[in-house]
Amino acid sequence: MKILVTGAAGMLGTDLTKRLVSGGHDVTGVDRAEFDILDELAVRDAVAGIRPEWVIHCAAFTSVDVCEKESETAFRVNADGARNIAKACWGTGARMLYISTDYVYDGSKREPYIETDPVNPLSVYGKSKLKGEEEILKVLPEALIVRTSWLFGANGPNFVKAILGQVGVKDELPVVDDQTGNPTYTPDLADALTRLVEADAKGVFHAANEGQCTWFDYAKKILELAGATGITVKPITTEQLA
């Protein structure tokens, strides 16, 4: 299949592009420098020129903390940008896959969320990504939306790199111990996304690695596996972090 991947230079986009190419697909990867998702006309013309069968929209404003400070930008990128992609897909008949997040939920449920659970984002990031979902579905009711969580991989910033970056810098590292999630390896997610696209899936799916932990547990395991010493991880609450 002919597939266009936005955000192709990012952590997920890099691994997804590799996986699609290895699966025999004709992939065009674009990133911010050559593909401004906020320019509706440019997006329309680019998609019309490429004529992909699928557009996989990985490009996003993903820094949760920065989104809180720059809410207008977060909504422009994660909602308006997503709508522009959806309109371009509608104009060419392409299918669309949108990468969303577990942040569309409020975290109050004590067991894993399923696709039919009510959404209730608390953060600007979560609200902007949910708005992106809604904008896409208005244009493309049969779009594919995949919510995932706690991504890590070789390319781009992530929690694993952030924790390892503190080794030799700090003696004690406070990490939240009252949020639970599923750390998800981007090559594994890339494989799941590829299989969904190849199956011509539609609707909302959750995709994450098995096994859950808190950020505190995660940080301890990262340091343990790295054989790092001289740094202690201290559990704190989300309220203390704020």
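Residues numbered from 1 in each chain as written. Predicted model: local features only at pLDDT ≥ 70, side-chain atom pairs only at ≥ 80, totals over all residues. Heavy atoms only, no water.

A few words now on the sheet that holds strand β4 (residues 95-101). A sheet is described by the order of its strands in space; here six strands give the open sequence β2-β1-β3-β4-β5-β10, paired in parallel fashion. In this open sheet, the two strands that pair with only one neighbour each are β2 (26-30) and β10 (203-206). Averaged over neighbouring strand pairs, the angle between their axes works out to 20° when direction is ignored. The pairing of strand β3 (residues 54-57) with β4 spans four bridges and is classified as parallel. (Pairing = 2+ DSSP bridges. Helix = DSSP H or I, 4+ residues; strand = E, 2+ residues; numbered from the N terminus. Axes fitted to C-alpha atoms, helices over the stretch in contact; angles between N-to-C directions.)

At their nearest, the axes of helix α4 (residues 71-92) and helix α5 (residues 124-139) sit 8 Å apart, and the two run at 20° to each other. In terms of their interaxial angle, α4 and α5 are classed as roughly parallel. With respect to the hand of their crossing, α4 and α5 are arranged in right-handed fashion. Contacts between α4 and α5 pair Ser 71, Ala 74, Phe 75, Asn 78, Ala 79, Ala 82, Arg 83, Ala 86, Lys 87 and Trp 90 from the former with Val 124, Tyr 125, Lys 127, Ser 128, Lys 129, Lys 131, Gly 132, Glu 135, Ile 136 and Val 139 from the latter. Of the residues in the contact of α4 with α5, the class split is 10 nonpolar, four polar and six charged. (Parallel < 35°, antiparallel > 145°, perpendicular 65-115°, else oblique. Left-handed = near helix turned anticlockwise from the far one by under 90°. Contact = heavy atoms within 4.5 Å. Nonpolar A, V, L, I, M, F, W, Y, C, P; charged D, E, K, R; others polar.)

Position of Lys 109 among the secondary structure elements: in the loop between β4 and α5. By relative accessible area, Lys 109 is classed as partly exposed at 23%. Contacts of Lys 109, omitting those with residues within four sequence positions, involve Ile 114 and Asp 117. Only 3.2 Å separates the side chain of Lys 109 from the backbone oxygen of Pro 112, close enough to count as a polar contact. Polar side-chain contacts of Lys 109 include one of 2.6 Å to the side chain of Asp 117. (Buried < 20%, exposed > 50% of the residue type's maximum accessible area, 1.4 Å probe, protein only. Polar contact = N/O pair within 3.5 Å; in protein donor to acceptor, adjacent residues only side chain to side chain.)

We now examine the pattern of salt bridges. Enumeration according to the criterion identifies 13 salt bridges in this entry. Put simply, Asp 200 and Arg 95 hold a salt bridge, and the shortest N to O gap is 2.5 Å. Taken together, the residues Asp 200 in the loop between α7 (186-198) and β10 and Arg 95 in strand β4 connect sequence positions 105 residues apart. The exposure class of Asp 200 is partly exposed, given its relative accessible area of 41%. For Arg 95, a relative accessible area of 17% puts it in the buried group. Its salt-bridge partner being Asp 117, residue Lys 109 comes within 2.6 Å of it at the nearest N-O pair. Overall, the relative accessible area of 16% leaves Asp 117 in the buried class. In this structure, a network of salt bridges that share partners links the residues Asp 80, Arg 83, Lys 131, Glu 135 and Lys 138. (Salt bridge = Lys/Arg side-chain N within 4 Å of Asp/Glu carboxyl O.)

We now examine helix α8 (residues 215-226). Under the 1.5 Å per step criterion, the end-to-end length of α8 is 16 Å for 12 residues, consistent within 8% with the ideal 16 Å. Within α8, burial applies to Trp 215, Phe 216, Tyr 218, Ala 219, Ile 222 and Leu 223. In an axial view of α8, the angular spread of the buried residues amounts to 165°, which keeps them on one side of the axis. With respect to the buried face of α8, the exposed residues turned more than 90 degrees away are Glu 224 and Leu 225. Residues of α8 that are buried in the fold lie against β6 (151-152), α6 (159-164), β7 (172-176), β11 (213-214) and β12 (232-236). After α8 finishes, the residue Gly 227 shows a positive phi value of roughly 70°. (Expected span 1.5 Å × (residues − 1). Arc of directions from axis to C-beta.)

Read these as spatial facts, not as claims about activity.
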